[in-house]
Every structure is written in structure tokens, then in C-alpha cells.
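Commentary on secondary and tertiary structure
Spelled out from the first residue to the last, the chains are:
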Amino acid sequence: MSHFGVEFGIKLNRLNEAEKYLTEAAAVINEKDLADYSFMKLFMGNIKFQQAHYEEALTELEQGEKAFRTLQNDRGLTQLLQLKSDVYAAMNNLPAAYGALLEFVALTKKIDDNSFSHQTTELKVKFDTSRIESENQRLIENQNLKEQELALLEKNKSLQHIILLLTGFILTIVSIFAYKQVQRNRQLQVIALTDYLTKLPNRRHIYAQAAQYFQQALKQQSPFSVIIFDADHFKKINDNFGHELGDRALLTIASAGKALTGNKDLIGRIGGEEFLILLPNTDAERADELAHQLQAHISRLGAEDLPAELKLTVSAGVATLAPQTNTENTYQDKDFASLLKRADDALYEAKNAGRNCVKAARNEAVSES
Ligand SMILES: Nc1nc2c(ncn2[C@@H]2O[C@H](COP(=O)(O)OP(=O)(O)OP(=O)(O)O)[C@@H](O)[C@H]2O)c(=O)[nH]1
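Owing to the predicted nature of the structure, the values given are computational and were not obtained by experimental measurement. (Residues numbered from 1 in each chain as written. Predicted model: local features only at pLDDT ≥ 70, side-chain atom pairs only at ≥ 80, totals over all residues. Heavy atoms only, no water.)

1. Some words on unusual backbone geometry
Not every positive phi belongs to a glycine, and N92 is a case in point at roughly 70 degrees. Among the structural elements, N92 can be located in the loop between α5 (74-90) and α6 (94-193). Residue classification places N92 among the exposed residues on the basis of a relative accessible area of 61%. Even without a glycine there, the phi angle at Q221 is positive, about 55 degrees. Accessibility expressed as a relative area gives 48% for Q221, which makes it partly exposed. (Helix = DSSP H or I, 4+ residues; strand = E, 2+ residues; numbered from the N terminus. Buried < 20%, exposed > 50% of the residue type's maximum accessible area, 1.4 Å probe, protein only.)

2. Structural notes on helix α11 (residues 336-352)
Along its 17 residues, α11 runs 24 Å from first to last C-alpha, staying within 8% of the 24 Å computed at 1.5 Å per residue. Along α11, the residues that are buried comprise F336, L339, L340, R342, A343, A346, L347, A350 and K351. Looking at the buried residues of α11, the elements they touch are α7 (203-220), β1 (224-231), β3 (274-280), β4 (314-321) and β5 (358-360). One or two residues past the end of α11 sits G354, with phi positive at roughly 110 degrees. (Expected span 1.5 Å × (residues − 1). Contact = heavy atoms within 4.5 Å.)

3. Notes on helix α9 (residues 243-261)
Here α9 spans 27 Å end to end across 19 residues, near enough to the 27 Å set by a 1.5 Å rise per residue. What α9 keeps buried is the set L245, G246, A249, L250, T252, I253, A254, A256, G257 and T261. Lining the buried residues of α9 we find β1, α8 (234-241), β2 (267-269), β3, α10 (284-300) and β4. Just downstream of α9 lies G262, where phi reads positive at about 75 degrees.

So, in C-alpha cells, the structure goes:
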């Protein structure tokens, strides 16, 4: 019969059986084996109590109490104290019964308090553990979020690179188009201002240049001369030698004029076989000299690629813008058109004079009005 067997035996009032077992056990249970010894004494005390052997019960309980106290087994001690109180009550020793009961209550309270504090500690540990777990969970979630953010950043970085590359590519294409457009505009401008055959400035261009030189001459009170020259009987050249050869003759005249000015911007083609030379800072005498040089040079030209029988001559008219000698700041021409008209009249004169010659416009005195 085990400890529980003894307890059941007592409960079932099989006291003799329980006592027998305990007496056998007492022979082998050592006083030093406090755990078994304490309960053996408690149960024995109980049996004695049930048998109404109160004094013996108290003796057993006293020995058991000592053992429980040494073991600090409060639960065992409470059972014992409760029983002790019952024994004293049965002996009608109420103060002792009360004292034992008080001790029983105090110890029970202590056990409950310990149990409560234990439960509190347990709850606290549980709470702390769950707090730490949730904190860990939060940290893991944060970490995951950060990783996602990082991945997003990486993705954004790649996108930025692609956008930068695309922007660079588009900018390059746009720049190339813009550059080509500027080039084309320049070419168109050049085409718009250039004579297709001789590549000299056309009439619009050379007139614009001339107007500027005219204003400059007025401002600086410097002379400005122009020469208009025109191929003689050019229709006949075309008729007799063909249009293509006529073109080559025009090119020969153009390069002779260019050679005279030394600057291609100072000579332009203003009509089919008519050219204009601008001579800034050149007085009438020098302009006349240059016109004669040109006329003589062209008439001597038996150009390599022109037939010997083709007689190439030009007639020229010269006009000069110069201040009147007797009055300050008074000019014969108010604008370039007036100067050009005088040169054209001089050319007409040269044509009438039999061609292949030069005529200069007279600088007539004008009244100051
Ligand atoms: N080959 C060629 N001929 C041209 C060109 N432009 C104009 N002509 C010709 O030049 C000729 C000019 O003739 P006209 O105005 O009668 O003058 P011209 O025959 O030179 O007579 P004058 O000027 O009075 O000496 C015309 O037959 C035009 O066809 C050109 O670019 N090439």
C-alpha cells in the first residue's frame, strides 16, 4: 500500500489495514528520509485521531510537524495543522485547536500568496515573452519592409538609368536634327543669296551689301564707287555659239570681275549678263581706272575654253558717291538707288558710244535744300 493507499484506507475507514501498513512501513522508513517520514506521521496521527487515541495522535503529529517544518513543506504542514486543530477540538482543548487553526489559516494564506505571486511572475514572464515575440515579429516585418524598399530603390535606380540613357539618346537625336536644320537653313540662305551660275552674290544680296556701304560712306564721309558692266551683244554670242558656251563666257566675265575686286562679296550678278562691282573707300578717279582695267582685260581675253572667233567685250558705267567740294555734308545721291541709277545711265552711254568702253557719271553740283 502506497502513501495514497494509506490515505484512501483512512478515508474508507479501513483504519486497521492502514495502521498495519504504516507499522510495517515505520520499520523501513528512516527518520532521515524526511519526505516519507513526515507523511507517515501525518497519516499515523490521522489513524490515531480516527481511533480516538488523541494523545497518541498528537505525538505522531508533533513528530510529523517537525519533519514538515524541516522540509519546509507548507502544503503537508497545512494538512497536519488542520488535523491537529481537529484533534485538539476533539480533546475539547479549544484554545489549542484555535491556535492550530490560526496557524493553518496563516500558512494557507501564505501558500495562496506564493501561488498568486508565482502566477503573477508566470504571467509577467508570459507577457514579457509575448512582448519580446511581438517586438521580434515587428523587427522582422520592419526588416522585410526595408528589404522591399531596398529592392524598390534598386528598381528605381535601374529605371533612372534607363530614363537617363533615353533622355541622352533623345537629346542627341534632337541635337543632330537641330544641327542639320541649322545647316540646311544656312544652305538655303546661301542659295537664296547666291547666283546659281557664277556663285557670286545675286542681285538682292549685292544690293543689300551696297546699301550698307552707302550708309557707311555717308557716316564716315568717305567716297564710295560702283561699276556696272554688261556683256556686249551677248544675244549674238548665245545665238552663234549656243547657250552653254554663253554660260561659260559669263563665268569668264565673273572671274575677271572677282579678280579685280579680290573679294567675292564686292561683286554680284544683277541681271542676265549684267554685273555690279562695289568699291568702298574708292574715289571716282580710281574707280574709273579699275573699270578701264576690267574692260581692257576682258576684251583681251581669248579664253582657253572659248572659241577664238568669239569676241568677248563689256561696256561699263562708273558712279561715285562723294561730298560736294564746295558744301559740307551735301551729297549728290540720297540713297544707293540714286547712285546705281547714275552708274546705269553711264553704262547706257557706253553702250551708245559703241560698246567695249567705260563711261563715268558726272558728279554734278547740287544745291543745298
Ligand atoms: N547663256 C546665257 N545667256 C543669258 C543668260 N541670262 C541672259 N542671257 C541672254 O543674254 C542676252 C541679253 O540680250 P540683250 O538684253 O538683248 O543684250 P545684248 O544682246 O547683250 O545687247 P547689248 O547689251 O545691247 O550689248 C539674252 O539673249 C539672254 O537670253 C544666262 O544665264 N546664260
